[in-house]
Amino acid sequence: FAPIVAPYDPNAQDYAFLEPPSREHYFGTDDLNRDLFSRIVYGARVSLFFGFSTGLITMIIGVGMGLWAGYHGGWVDTVIMRYIDIQWAFPYFIIAVYLVAVFGTGLVNVIIAITLAFLDDFARVVRGMVLSLRHQEFVEASRATGAHTNRIILRHILPNTSAPIIVQATVSVSYAILAEAGLSFLGLGVEPSTPTWGLILSDARSFFSRAWWLAIFPGLAITLTVLSINFLGDALRDLLDVREYQDEG
């Protein structure tokens with residue numbers, strides 16, 4: 001809905017050089033005379049796309065790794081967890097920066113880099129849950145009836161790990177948004193012509209003493225978005241806990 005919400009083209013220039021917030025420009029203008037509100041609105045497209053797409057891909061791959069390692073154990077569990085331990089030793093943002101430096105900048109490469117940087121969180125959480133569930137009575141009963149391994153994992157184990165997965169998914173979306181903003185701030189994100197919150201913050205460094213709005217408004221957009229996603233994850237977790245309690249009752 002950016003074309004509907006934004007009053008101006010994000011790259012259009014007029015004669016309002018570093019104009020403070022006003023009725024014509026809600027968030028003011030930048031050093032290239034572009035409307036900051038329109039750029040932040042269009043930047044939400046990029047940040048939310050990165051956050052949710054990366055969170056979804058990371059969840060699918062990480063949950064699969066955790067389910068496989070936790071249920072089967074053996075050498076599969078050893079290989080996966082040694083990889084996770086190596087990745088766990090490095091901060092996720094350092095890994096993302098390194099992968100972007102290897103693959104190059106761009107939309108797809110940044111998504112791949114952030115996805116690989118966050119795999120360990122899902123795998124660890126799900127593996128721990130599976131280890132506590134695979135010897136439960138309902139799993140043993142399904143195994144005794146001759147149920148296929150994939151059916152046991154998908155129909156009995158996976159639904160019982162949904163609450164921590166949802167919480168971790170919301171955290172990963174938030175981290176992905178912050179990581180994309182950080183990479184864009186360092187010039188390692190998408191193309192400079194694409195308005196993103198990180199690029200807007202990066203451009204604001206040279207003018208912060210003269211134009212405070214260039215850094216305040218994109219910073220607020222990032223903060224409010226991350227907080228909203230985290231609150232949504234907590235609410236979904238509480239809802240799932242209530243339903244599980246009612247089912248047990």
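Residues numbered from 1 in each chain as written. Predicted model: local features only at pLDDT ≥ 70, side-chain atom pairs only at ≥ 80, totals over all residues. Heavy atoms only, no water.

J.: Which residues make up a nonpolar patch on the surface, and what values do they have?
T.: A surface patch of nonpolar side chains, amounting to about 670 Å² of accessible area, comprises Phe49, Tyr98, Val102, Phe103, Leu107, Val108 and Ile112. When contributions to the nonpolar patch are tallied by element, the ones reaching two or more residues are α4 (92–103) and α5 (107–133). Within the secondary structure, Phe103 sits in helix α4. Given a relative accessible area of 40%, Phe103 falls into the partly exposed group. (Patch = residues over 30% accessible without salt bridge, like charges linked within 9 Å, V, L, I, M, F, W, Y side chains within 5 Å. Areas by Shrake-Rupley, 256 points an atom, 1.4 Å probe, with all protein chains shown as cover. Salt bridge = Lys/Arg side-chain N within 4 Å of Asp/Glu carboxyl O. Helix = DSSP H or I, 4+ residues; strand = E, 2+ residues; numbered from the N terminus. Buried < 20%, exposed > 50% of the residue type's maximum accessible area, 1.4 Å probe, protein only.)

J.: Can you tell me about the environment of Ala141, naming the residues and giving the values?
T.: With respect to the helices and strands, the residue Ala141 is situated in helix α6 (residues 137–144). Judged by its relative accessible area of 41%, Ala141 is partly exposed. Along the backbone, Ala141 and Pro159 are 18 residues apart, and their C-alpha atoms lie at a distance of 16 Å.

J.: Give a detailed account of helix α2 (residues 36–72), specifying residues and quantitative values.
T.: Between its first and last C-alpha, α2 extends 53 Å over 37 residues, near the 54 Å set by a 1.5 Å rise per residue. Positioned one or two residues after α2, Gly73 has a phi angle of 65°, which is positive. (Expected span 1.5 Å × (residues − 1).)

J.: So what's going on with helix α3 (residues 74–88)? Which residues, and what values?
T.: Structurally, the α-helix is built with 3.6 residues per turn, so residues lying three or four positions apart point the same way. Over its 15 residues, α3 runs 21 Å from end to end, which matches the ideal 21 Å to within 8%, given 1.5 Å per residue. Three or more residues of α3 are buried, namely Val76, Asp77, Ile80, Met81, Ile84 and Gln87. Looking straight down α3, one finds that the buried residues subtend no more than 115° of arc, so they occupy a single side. In α3, those exposed residues whose orientation departs by more than 90 degrees from the buried face are Gly74, Trp75 and Ile86. Elements in contact with the buried residues of α3: α2, α4 and α5. (Arc of directions from axis to C-beta. Contact = heavy atoms within 4.5 Å.)

J.: An account of empty space enclosed by the protein is needed here, citing residue identities and associated values.
T.: This structure, assessed with the given rule, holds one cavity of 30 Å³ or more. In this model, the largest cavity occupies a volume close to 60 Å³. Lining the largest cavity are Asp30, Asp31, Arg34, Leu36, Arg39, Ile200, Asp203, Ala204 and Leu214. Of all elements in the fold, only α2 and α9 (197–204) reach the threshold of two or more residues within the lining of the largest cavity. (1 Å grid on protein atoms, 1.4 Å probe; cavity = no way out; pocket = protein on both sides within 12 Å on 5 of 7 lines; lining within 4 Å. Points joined across faces, edges and corners; volume = space filled by probe spheres on them.)

J.: Summarise the environment of Arg45; cite the residues concerned and give the values.
T.: Mapped onto the elements of the fold, Arg45 is located in helix α2. Between the C-alpha atom of Arg45 and that of Pro195, which follows or precedes it by 150 residues, the distance is 9.2 Å. If we skip the residues at most four places from it in the chain, Arg45 touches Ala2 and Pro3.

J.: Provide a residue-level description of the side chain of Asp35, including the pertinent values.
T.: Looking at the secondary structure, you find Asp35 in the loop between α1 (2–5) and α2. For the buried Asp35, no salt bridge is present, and the opposite-charge side chain at shortest range is Arg39, 8.9 Å distant. At a separation of 2.7 Å, a polar atom in the side chain of Asp35 contacts the side chain of Ser38. Residues in contact with Asp35, not counting those within four places in the same chain, are Pro7, Tyr8, Ala12, Glu24, His25, Tyr26, Gly28 and Thr29. (Lys, Arg positive; Asp, Glu negative; His and termini not counted. Polar contact = N/O pair within 3.5 Å; in protein donor to acceptor, adjacent residues only side chain to side chain.)

J.: Which residues make up the pattern of salt bridges, and what values go with them?
T.: Within the structure shown, the criterion is met by six salt bridges. Measuring nitrogen to oxygen at the nearest pair gives 2.9 Å for the salt bridge that ties Asp30 to Arg34. Residue Asp30 is classed as buried on the basis of its relative accessible area of 6%. In this structure Arg34 comes out as buried when scored by relative accessible area, which is 11%. Where Asp30 meets Arg39, a salt bridge forms, and the shortest distance between an N and an O atom there is 3.9 Å. Note on accessibility: Asp30 and Arg39 belong to one class, buried. Residues joined in a network through salt bridges with shared partners are Asp30, Arg34 and Arg39.

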